[in-house]
Amino acid sequence: MAKKITLSIDDELRRAEVLLTAAAELHGGPDDEREISFELLDKVLFRLREIKEAYEKGDLHA
């Protein structure tokens, strides 16, 4: 079973911002950096989908 933690929107948005900034910086580089960029984007999208699902269920944990 996945561990549930209380959501802090400020923290989640800060994490997303940092990961998206890193992804943008890496995106224009060599192939290995672009691959890392897409992995970071995937992590952000996955987490945002988790948060959205928790929100839609009325849950304050994700």
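Overview of the structure. All values derive from a computational prediction rather than experimental measurement.

Calculation notes
Residues numbered from 1 in each chain as written. Predicted model: local features only at pLDDT ≥ 70, side-chain atom pairs only at ≥ 80, totals over all residues. Heavy atoms only, no water. Salt bridge = Lys/Arg side-chain N within 4 Å of Asp/Glu carboxyl O. Helix = DSSP H or I, 4+ residues; strand = E, 2+ residues; numbered from the N terminus. Buried < 20%, exposed > 50% of the residue type's maximum accessible area, 1.4 Å probe, protein only. Contact = heavy atoms within 4.5 Å. Expected span 1.5 Å × (residues − 1).

**Some words on the pattern of salt bridges**
Piece 1. Taken as a whole and assessed by the stated rule, the structure comprises seven salt bridges.
Piece 2. The shortest N-O distance in the salt bridge between arginine 47 and glutamate 12 comes to 2.8 Å. Within this pair, whereas arginine 47 is found in helix 2 (residues 31–56), its partner glutamate 12 is found in helix 1 (residues 9–27), the two being separated by 35 residues in sequence. Here arginine 47 matches glutamate 12 in class, with each residue buried.
Piece 3. Lysine 52 is paired through a salt bridge with glutamate 56; the nearest N and O atoms lie 3.9 Å apart. In this pair, lysine 52 and glutamate 56 both sit in helix 2, four residues apart, roughly one turn of the helix.
Piece 4. Among the residues examined, glutamate 56 registers a relative accessible area of 58% and is labelled exposed.
Piece 5. Look at the salt bridges and you will find they share partners, linking Glu12, Arg15, Arg47 and Glu50 into a network.

**Some details on the side chain of glutamate 12**
Piece 1. Among the residues examined, glutamate 12 registers a relative accessible area of 7% and is labelled buried.
Piece 2. For glutamate 12, the contacting residues outside a window of four places in its chain are Leu7, Arg47 and Ile51.

**A look at helix 2**
Piece 1. Its 26 residues place the ends of helix 2 37 Å apart at the C-alpha level, agreeing with the 38 Å of an ideal helix rising 1.5 Å per residue.
Piece 2. Within helix 2 the residues assigned to the buried category are Ser37, Leu40, Val44, Arg47, Ile51 and Ala54.
Piece 3. For helix 2, the secondary structure elements touched by its buried residues are helix 1.

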